[in-house]
Amino acid sequence: MQKANRIRTVIAVGLSIAALAVASCMKPKVLVLYNYTDSMPHGFYLVEHREVYQRGDVVVFAVPPSVRALVNERHWLHENGFLMKPLIGLKGDSVSTKDGRFRVAGHDFGGIQVLDRQGLSLPGYCEYGVLKSGFLVGVDGMSNSFDSRYFGPIPERSVIGVAVPVWLF
């Protein structure tokens, strides 16, 4: 009985992956992304390009050049991988990293750590004012999420699209 269930599971996984592959071939602008990092649910996502992004969208974006070497050295992503985080700040929003807290538009997103899990130093983003350009990304209450609290705003042009969950586990 267990063997039959395993075979059905393998077949279902295979068919799901094949369907995602076919979908991405039929629409070349659609990207299928597998998230294996812990700050967002693990699983498969479709990445849809949009003309306008809004607060709350889970955006997929290129690793900022200022921290790309660090991300590669620490093996946080595969080479040329993408980051995926909720969009929390827009041009004109207030932003503060004062007192070791990351605050955007009046909301406290949590602490800012100075060391990573391995005890290595993290970059810091220092700001107290108004976001002049780009987007801020972050995970609420998760100070170990490598997001804008460490590298600041991301340029709008670095956003590839919005991550739409397909199969999470």
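Residues numbered from 1 in each chain as written. Predicted model: local features only at pLDDT ≥ 70, side-chain atom pairs only at ≥ 80, totals over all residues. Heavy atoms only, no water.

A. Structural context of unusual backbone geometry. For Asp99, which is not glycine, the phi torsion reads 60 degrees and is therefore positive. With respect to the secondary-structure elements, Asp99 resides in the loop between strand E5 (94-96) and strand E6 (101-104). For Ala105, which is not glycine, the phi torsion reads 50 degrees and is therefore positive. Tracing the backbone shows Ala105 in the loop between E6 and strand E7 (107-111). (Helix = DSSP H or I, 4+ residues; strand = E, 2+ residues; numbered from the N terminus.)

B. Spotlight on a nonpolar patch on the surface. A surface patch of nonpolar side chains, amounting to about 390 Å² of accessible area, comprises Tyr34, Val166, Trp167 and Phe169. Tracing the chain through its elements places Tyr34 in strand E1 (residues 31-35). (Patch = residues over 30% accessible without salt bridge, like charges linked within 9 Å, V, L, I, M, F, W, Y side chains within 5 Å. Areas by Shrake-Rupley, 256 points an atom, 1.4 Å probe, with all protein chains shown as cover. Salt bridge = Lys/Arg side-chain N within 4 Å of Asp/Glu carboxyl O.)

C. How the structure looks around the layout of surface pockets. The volume enclosed by the largest pocket comes to roughly 600 Å³. Taken together, 29 residues make up the lining of the largest pocket; nearest its centre are Thr37, Asp38, Trp76, Asn144 and Phe146. Contributions of two or more residues to the lining of the largest pocket are made by E1 and strand E4 (82-89). For the lining of the largest pocket, the leading source of residues is E4, giving four residues. (1 Å grid on protein atoms, 1.4 Å probe; cavity = no way out; pocket = protein on both sides within 12 Å on 5 of 7 lines; lining within 4 Å. Points joined across faces, edges and corners; volume = space filled by probe spheres on them.)

D. Region of interest: the pattern of salt bridges. Within this structure, the stated rule accounts for seven salt bridges. Across the pair Asp93 and Arg55 runs a salt bridge, and its minimum N-O distance is 2.7 Å. Of this pair, Asp93 sits in the loop between E4 and E5 while Arg55 sits in the loop between strand E2 (43-48) and strand E3 (58-62), and the two are 38 residues apart along the sequence. Of the residues examined, Asp93 reaches a relative accessible area of 11% and is grouped as buried. Across the salt bridge formed by Asp108 and Arg103, the nearest N and O atoms sit 3.9 Å from each other. Take Arg103: its relative accessible area is 30%, and that puts it in the partly exposed class. (Buried < 20%, exposed > 50% of the residue type's maximum accessible area, 1.4 Å probe, protein only.)

E. Seen up close, the sheet that holds E6. Here four strands make up an open sheet; going across it, the order is E7-E6-E5-E8 and the pairing antiparallel. Across the chains shown, the open sheet's two edge strands, defined by having one partner strand only, are E7 and strand E8 (128-130). Looking at each pair of strands side by side, their axes are set apart by 15 degrees on average, direction ignored. Two elements, E5 and E6, share two bridges in a ladder whose sense is antiparallel. If you follow Val95 over to E6, its bridge partner there is Val104. (Pairing = 2+ DSSP bridges. Axes fitted to C-alpha atoms, helices over the stretch in contact; angles between N-to-C directions.)

F. Representation of the nonpolar core in the model. Counting 19 residues, the largest nonpolar core has Tyr53, Val59, Phe61, Phe146, Phe151, Ile154 and Val159 as its most contacted members. Where this core is concerned, the elements lending two or more residues are E3, helix H2 (65-73), E4, helix H3 (148-151) and strand E10 (159-168). With three residues, H2 is the single largest residue contributor to this core. Among residues more than four places away in sequence, those in contact with Phe61 are Phe82, Leu83, Met84, Lys85, Val137, Phe151, Ile154, Ser158, Val159 and Ile160. Counting nine residues, the second-largest nonpolar core is a separate cluster that includes Met40, Val60, Val139 and Ala163. (Core = buried A, V, L, I, M, F, W, Y, C linked by side-chain atoms within 4.5 Å. Contact = heavy atoms within 4.5 Å.)

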